[in-house]
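Chain residues, written in single-letter form:
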Amino acid sequence: MSTGSTHDARGAQQLRVARPATLDDALCALREMPGAQLLAGGTDFCVEVSFGSRRPTAVVALRRVEELRGHDIADGHVRIGAGTTYAEMGRGALASTLPALAAAARTVGSPQIRNAGTLGGNVATASPAGDTLPLLVALDARVRVRGAAGERVVALERFVTGVKRTVLAPDEVVVDVVVDRCRGPQEFLKVGTRNAMVIAIASVAVVVDLDARAVRVGLGSVAPVPRRCASAEAHAGEAIDWGRLWASEAALARFGELAAEACSPITDHRSTADYRSHAVAVIARRALERCIRHAT
Amino acid sequence: MPPEPAVIADRYELSVNATMRVVEDAWIGETLLFVLRERLGLPGAKNACEQGECGSCSVLLDGVVVCACLVLAVDAVGSEIQTVEGLSASGDAADIQAALVRGGGVQCGFCTPGFVVAIYDLLRRNPDADEMAVREALSGNLCRCTGYGRILDAVRAVQRARAS
Ligand SMILES: Cc1cc2nc3c(=O)[nH]c(=O)nc-3n(C[C@H](O)[C@H](O)[C@H](O)COP(=O)(O)OP(=O)(O)OC[C@H]3O[C@@H](n4cnc5c(N)ncnc54)[C@H](O)[C@@H]3O)c2cc1C
Ligand code: FES
Ligand code: FES
């Protein structure tokens, strides 16, 4: 099989890089160099290279690709380019339209990481601890990908298939992520050992949809993939007094319990499974409480 | 504009501190930190973790503070890279450096270049940054000697001096 590298007259392997400015050129470079690896902000990529788990022979660098930059806020939906950085998610109209995404972005790494790391990289990496994923799954995000065979749109819930596994083919690029706009408060909370530079032990996004009179919950770091929680959502939908946007203490506590029951956490070097479940109950409850308090 | 084809990745030019520098016989997987230190003789950005955790390799890429250990050097082509050497030569960070030294914000000094770059970046964007904003801006820079109090004091000293 051909790889992205060629050989010079001496037989030395020549490794190639493309720095395209358009999506077509990026896809063309991927076709030209089968086996080439996509690079966005480099925050996952370079760590893997430095620690020897990734040895690129050809690279397609995406940060100059025009179509991956920026976002559109339309009446019904928001489109966020894959190349949008955490710093960009955390400011301006995008932050005020999707405050829980801004809150999640602000918890990622450090300013240096937020200046480089991108939404597309977080989605493509598909770590259970990916901090954008709980909100995206709660909002039924659609991931638009383009490859040699054309374009397809995949629900985030189907896009991520396991721990760091996705349906993305080697010749495909994540172009953007689209979510429907939702009128009402939303919150993202994350538990870790400190406030900065911490991978989530557990995380939760809660979205209150005032028009649908429904609550949506996305959970992170407590299952192989970002997970919704239908029972907690149904409970909140019924328990909230929508006229006053209020819920009883008992209803809030039950919401947390149901969220914890939906988890299938593991014990690892960051946390025990028990603590993860406990943490989810606390932060899910708190997130909902903040949403309905904020709206009063 | 014709598509930019894939090019051989072992020779390229980087603009570092406003000077074009040629990198030759490089491997495609080399980080900007490695290239700065090992190929271009610029050891100001320090290598402490190579995983983005410590900030001691902070540089400005097109005016934005990033970890040089997380930038693939071949992807920095066409961007302007400023290192602590550049900030020192221009004198742009001189008051920050002096405040860190005077205030005891430097002990072993390993983290200092990264802090200088991060503080320079912060005060340029947000000269009046309050305590929380300063702490957040420096949360990606680790120091294992000072306990941070003196580093934060140095930032306040620079803010006061620049305001007066
Ligand atoms: C110190 C540190 C702290 C961190 N903290 C957090 C944290 O708190 N929360 C968190 O969620 N993450 C964290 N991360 C992980 C990382 O920053 C994110 O996953 C980031 O979003 C990756 O994006 P990137 O642009 O840097 O991707 P890259 O590293 O460039 O790429 C990552 C992967 O995604 C692929 N890829 C990138 N863009 C695309 C695209 N458009 N289409 C298809 N494939 C693509 C690449 O091929 C590669 O496999 C941290 C990382 C570091 C180093
Ligand atoms: S060496 Fe780059 S952040 Fe530590
Ligand atoms: S002075 Fe030693 S690490 Fe900061």
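Residues numbered from 1 in each chain as written. Chains lettered and ligands numbered in written order. Predicted model: local features only at pLDDT ≥ 70, side-chain atom pairs only at ≥ 80, totals over all residues. Heavy atoms only, no water.

With respect to the sheet that holds strand β3 (residues 16–18) of chain A
Step number 1: Spatially, 4 strands are ordered β4(A)-β5(A)-β3(A)-β1(B) in an open sheet, and the strand pairing comes out mixed. Every interior strand has two partners, whereas the edge strands, β4 (37–39) of chain A together with β1 (7–8) of chain B, have only one.
Step number 2: In this sheet, strand β5 (residues 58–61) of chain A lies alongside β3(A) in parallel orientation, the contact comprising 3 bridges. When the bridges of β5(A) are listed, Ala18(A) appears paired with Val60(A).
Step number 3: Across the sheet, helix α1 (residues 23–32) of chain A touches β3, β4 and β5 of chain A, and the angle it forms with β5(A) is around 175°. (Pairing = 2+ DSSP bridges. Helix = DSSP H or I, 4+ residues; strand = E, 2+ residues; numbered from the N terminus. Contact = heavy atoms within 4.5 Å. Axes fitted to C-alpha atoms, helices over the stretch in contact; angles between N-to-C directions.)

Some words on the nonpolar core
Step number 1: Residues Val123(A), Leu156(A), Tyr12(B), Leu14(B) and Leu32(B) are the most contacted members of the largest nonpolar core, which totals 75 residues.
Step number 2: Element by element, the count of residues in this core is highest for helix α8 (residues 133–138) of chain A, at 5 residues.
Step number 3: When sequence neighbours within four positions are dropped, the list of residues in contact with Leu156(A) reads Val123(A), Leu133(A), Leu136(A), Val137(A), Ala141(A) and Val143(A).
Step number 4: Ranked by size, the runner-up nonpolar core spans 32 residues in total, among them Ala236(A), Ile240(A), Leu252(A) and Ile283(A). (Core = buried A, V, L, I, M, F, W, Y, C linked by side-chain atoms within 4.5 Å. Buried < 20%, exposed > 50% of the residue type's maximum accessible area, 1.4 Å probe, protein only.)

Remarks on the interface of chain A and chain B
Step number 1: Each side of the interface is counted separately: chain A has 42 residues, and chain B has 41 residues.
Step number 2: Here chain A and chain B share an interface that buries about 3200 Å² over both sides, 57% of which is from carbon and sulfur atoms.
Step number 3: Along the contact surface separating chain A from chain B lie 4 salt bridges.
Step number 4: For the pair chain A and chain B, the interface holds 13 residue pairs in polar contact (both at pLDDT 80 or more).
Step number 5: Looking at the side of chain A that touches chain B, the element that brings in the most residues is helix α6 (residues 111–116) of chain A, giving 6 residues.
Step number 6: A class-by-class count of the residues in the side of chain A that touches chain B yields 22 nonpolar, 10 polar and 10 charged. (Buried area = accessible area lost by both parts, 1.4 Å probe. Salt bridge = Lys/Arg side-chain N within 4 Å of Asp/Glu carboxyl O. Polar contact = N/O pair within 3.5 Å; in protein donor to acceptor, adjacent residues only side chain to side chain. Nonpolar A, V, L, I, M, F, W, Y, C, P; charged D, E, K, R; others polar.)

Description of the domain arrangement of chain A
Residues and elements named next belong to chain A.
Step number 1: For chain A, the assigned domains read domain 1 (2–61), domain 2 (67–180) and domain 3 (186–295).
Step number 2: A separation of 22 Å is found between the C-alpha centroids of domain 1 and domain 2.
Step number 3: If you look at the interface, domain 1 gives 12 residues, while domain 2 gives 16 residues.
Step number 4: Summing both partners gives a buried area of about 1000 Å² for domain 1 against domain 2, and 68% of it is carried by carbon and sulfur.
Step number 5: When residues of domain 1 are sorted by the area they lose upon contact with domain 2, Leu23, Leu27 and Thr43 head the list and together hold 47% of the total.
Step number 6: The interface formed by domain 1 and domain 2 contains 0 salt bridges.
Step number 7: If one sorts the elements of the side of domain 1 that touches domain 2 by residue count, α1 sits on top with 5 residues.
Step number 8: Of the residues assigned to the side of domain 1 that touches domain 2, the class counts are 6 nonpolar, 3 polar and 3 charged. (Domains from an automatic or database assignment.)

Remarks on the environment of Leu36(B)
Residue and element names in this part refer to chain B.
Step number 1: Relative to the helices and strands, Leu36 is located in helix α1 (residues 32–39).
Step number 2: According to the relative accessible area criterion, Leu36 is buried, its value standing at 1%.
Step number 3: Note: C-alpha distance between Leu36 and Ala68 (32 residues apart in sequence) is 8.7 Å.
Step number 4: Residues contacting Leu36, with those up to four places away along its chain left out, are Val16, Gly41, Leu42, Val59, Ala68 and Thr83.

As for the domain arrangement of chain B
Residues and elements named next belong to chain B.
Step number 1: If you check the domain split of chain B, you get domain 1 (8–83) and domain 2 (88–163).
Step number 2: Computed from C-alpha atoms alone, the centre-to-centre distance between domain 1 and domain 2 is 22 Å.
Step number 3: In this complex, domain 1 contributes 13 residues to the contact, which on the side of domain 2 involves 12 residues.
Step number 4: Each partner contributes to the roughly 980 Å² buried at the junction of domain 1 and domain 2, and carbon and sulfur atoms together form 61% of this total.
Step number 5: At the junction of domain 1 and domain 2, the tally comes to 0 salt bridges.
Step number 6: Between the two partners, domain 1 and domain 2, sit 4 residue pairs in polar contact (both at pLDDT 80 or more).
Step number 7: Tallying contributions element by element places strand β4 (residues 58–61) first for the side of domain 1 that touches domain 2, with 3 residues.
Step number 8: Its residues assigned to classes, the side of domain 1 that touches domain 2 comprises 5 nonpolar, 6 polar and 2 charged.

Some points on the pattern of salt bridges
Step number 1: Applying the stated criterion to the full structure yields 32 salt bridges over all chains.
Step number 2: With a shortest N-O distance of 3.9 Å, Glu289(A) and Arg285(A) are connected by a salt bridge. Within this pair, Glu289(A) and its partner Arg285(A) are both found in helix α12 (residues 273–294), separated by 4 residues, close to a single helical turn.
Step number 3: Residue Glu289(A) is classed as buried on the basis of its relative accessible area, which comes to 15%.
Step number 4: With a closest N to O distance of 2.9 Å, Asp121(B) and Arg124(B) form a salt bridge. On the criterion of helical spacing, the pair formed by Asp121(B) and Arg124(B) is a turn pair, its members being 3 residues apart in helix α4 (residues 112–125).
Step number 5: For Asp121(B), a relative accessible area of 4% gives the class buried.
Step number 6: One network of salt bridges, in which partners are shared, links Asp72(A), Arg79(A), Arg144(A), Arg146(A), Glu151(A) and Asp176(A).

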